[in-house]
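As a plain string of letters, each chain reads:
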Amino acid sequence: QKEVEQDPGPLSVPEGAIVSLNCTYSNSAFQYFMWYRQYSRKGPELLMYTYSSGNKEDGRFTAQVDKSSKYISLFIRDSQPSDSATYLCAMSKYNFNKFYFGSGTKLNVKP
Amino acid sequence: EAGVTQFPSHSVIEKGQTVTLRCDPISGHDNLYWYRRVMGKEIKFLLHFVKESKQDESGMPNNRFLAERTGGTYSTLKVQPAELEDSGVYFCASSATVLETQYFGPGTRLLVL
């Protein structure tokens, strides 16, 4: 069983829609939770980073962590065609040196 | 500020050959990480350097893989001899401290035929 599960999609939405991306995990030792965005032929780029449970908002992006359910989410409001990319969740334990990634969800925002 | 750079961007080699990948971290970043993504799978951790020391190499798949970071600046990852299952994208990342964001390079796409 994978430690981090993520629906690969693809997910196709119209411009302006609210997007919900999710990951589940099995290891309760995970303390830090990240969302990365990856454009084609580029490296992953950090979008959001949260520690433990709760919500964090940054512009059009909101990250949620529910440690009791071992479930994390990324919401994108007012989605734009430029948001079209693969979104990767990642998490790490207390030492924060080794990231465990989901397989990524490919998002397509149609104009 | 220049980001993490990796060379080459692509490499096509035959099974049994040797390939060396290079990563130049962001200047001043003591922490350097190697990850790889094989086809259809998630990105997986390979190892972590703090300066020139290997802090964690628990993700290295076998002894055909050798990572070095002499002088604590750039790093190389050598695969010798390469096998078909080594094909994938190899990412390098760096961070100033272990508790800070890891910045990823664009990756090296390796194809072993």
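Refer to the structure printed above.
About the thresholds
Residues numbered from 1 in each chain as written. Chains lettered and ligands numbered in written order. Predicted model: local features only at pLDDT ≥ 70, side-chain atom pairs only at ≥ 80, totals over all residues. Heavy atoms only, no water. Helix = DSSP H or I, 4+ residues; strand = E, 2+ residues; numbered from the N terminus. Rg over C-alpha atoms; globule rule 2.2 N^0.38 Å. Buried < 20%, exposed > 50% of the residue type's maximum accessible area, 1.4 Å probe, protein only. Contact = heavy atoms within 4.5 Å. Areas by Shrake-Rupley, 256 points an atom, 1.4 Å probe, with all protein chains shown as cover. Lys, Arg positive; Asp, Glu negative; His and termini not counted. Charge placed at Lys NZ, Arg CZ, Asp CG, Glu CD. Buried area = accessible area lost by both parts, 1.4 Å probe. Salt bridge = Lys/Arg side-chain N within 4 Å of Asp/Glu carboxyl O. Polar contact = N/O pair within 3.5 Å; in protein donor to acceptor, adjacent residues only side chain to side chain. Nonpolar A, V, L, I, M, F, W, Y, C, P; charged D, E, K, R; others polar. Phe/Tyr/Trp six-rings, centres within 6.5 Å; stacked < 30°, edge-to-face > 60°. Lys NZ or Arg CZ within 6 Å of the ring centre and 35° of its normal. Pairing = 2+ DSSP bridges. Axes fitted to C-alpha atoms, helices over the stretch in contact; angles between N-to-C directions. Core = buried A, V, L, I, M, F, W, Y, C linked by side-chain atoms within 4.5 Å.

## Considerations on the overall build of chain A
Now for step 1: Summing up its helical and strand segments, chain A has 0 helices and 11 strands in all.
Now for step 2: Across chain A, helices and strands are ordered from the amino to the carboxyl terminus as β-β-β-β-β-β-β-β-β-β-β.
Now for step 3: Against the globule reference of 13 Å for 111 residues, chain A gives a C-alpha radius of gyration of 13 Å, in line with a compact fold.
Now for step 4: Each of the three principal axes of chain A carries a C-alpha extent, and together these read 40 × 25 × 20 Å.
Now for step 5: Looking at chain A as a whole, 46% of its 111 residues qualify as buried.
Now for step 6: Counted over contacts in chain A with a minimum sequence separation of 6, partners at least 24 positions apart contribute 55%.
Now for step 7: For chain A, the computed accessible surface area is about 5300 Å², with 48% contributed by carbon and sulfur atoms.
Now for step 8: Once the 13 positive and 10 negative side-chain charges of chain A are each reduced to a mean point, those two points are 7 Å apart.

## Let's talk about the interface of chain B and chain A
Now for step 1: Between chain B and chain A, the contact holds 20 residues from the first and 18 residues from the second.
Now for step 2: Across the chain B to chain A interface the summed buried area is about 1700 Å²; carbon plus sulfur atoms make up 54%.
Now for step 3: Of all residues in chain B, B:Glu42, B:Ile43 and B:Phe104 give up the largest surface area on contact with chain A, accounting jointly for 28% of the area buried on that side.
Now for step 4: Put simply, chain B and chain A have 1 salt bridge between them.
Now for step 5: Two residues, A:Lys2 and B:Glu42, come together in a salt bridge whose shortest N-O distance is 3.8 Å.
Now for step 6: The interface formed by chain B and chain A contains 4 residue pairs in polar contact (both at pLDDT 80 or more).
Now for step 7: Of all elements in the fold, only β4 (31–37) and β5 (44–50) of chain B reach the threshold of two or more residues within the side of chain B that touches chain A.
Now for step 8: In terms of residues, the side of chain B that touches chain A owes the most to one element, β4(B), which gives 3 residues.
Now for step 9: Its residues placed into classes, the side of chain B that touches chain A shows 9 nonpolar, 6 polar and 5 charged.

## A look at the packing of aromatic side chains
Now for step 1: One pass over the structure, following the stated rule, counts 15 aromatic pairs over all chains.
Now for step 2: Here A:Tyr25 and A:Phe30 contribute two aromatic rings whose centre-to-centre distance is 5.8 Å and whose plane-to-plane angle is 70°, an arrangement assigned as edge-to-face. Both residues of the pair, A:Tyr25 and A:Phe30, belong to the buried class.
Now for step 3: Taken together, the ring pairs in this structure connect A:Tyr36, A:Phe99, A:Phe101, B:Tyr35, B:Phe45, B:Phe91 and B:Phe104 into an aromatic cluster.
Now for step 4: Between the NZ or CZ atom of B:Arg22 and the centre of the ring of B:Tyr74, over which it lies, the distance is 3.7 Å.

## Focus on the sheet that holds strand β6 (residues 54–58) of chain A
All names here are of chain A.
Now for step 1: Across the sheet, which stays open at both edges, the 5 strands sit in the order β1-β3-β8-β7-β6 with antiparallel pairing between neighbours. The strands lining the two open edges of the sheet, one partner per strand, are β1 (4–6) and β6. Across the sheet, the mean angle from the axis of one strand to that of its neighbour is 15°, orientation sign disregarded.

## Points about the environment of A:Phe30
All names here are of chain A.
Now for step 1: Relative to the helices and strands, Phe 30 resides in the loop between β3 (19–25) and β4 (32–38).
Now for step 2: Residues Phe 30 and Ser 92, 62 residues apart in the sequence, show an inter-C-alpha distance of 5.2 Å.
Now for step 3: When near neighbours in sequence (up to four residues on either side) are disregarded, Phe 30 contacts Glu 3, Val 4, Tyr 25, Lys 67, Met 91, Ser 92, Lys 93 and Tyr 100.

## Details of the nonpolar core
Now for step 1: One finds A:Trp35, A:Ile72, A:Leu74, A:Ile76, A:Tyr87 and A:Met91 to be the most contacted residues of the largest nonpolar core, which totals 25 residues.
Now for step 2: Within the residue set of this core, elements represented by two or more residues are β3, β4, β5 (45–51), β7 (61–66), β8 (71–76), β9 (85–92) and β11 (105–110) of chain A.
Now for step 3: Leave out the neighbours within four places in its chain, and A:Tyr87 touches A:Gln6, A:Leu21, A:Tyr36, A:Arg37, A:Leu47, A:Leu74, A:Ile76, A:Gly104, A:Thr105 and A:Leu107.
Now for step 4: Grouped together as the second largest cluster of nonpolar side chains are 21 residues, B:Leu21, B:Leu46, B:Phe65 and B:Ala67 included.

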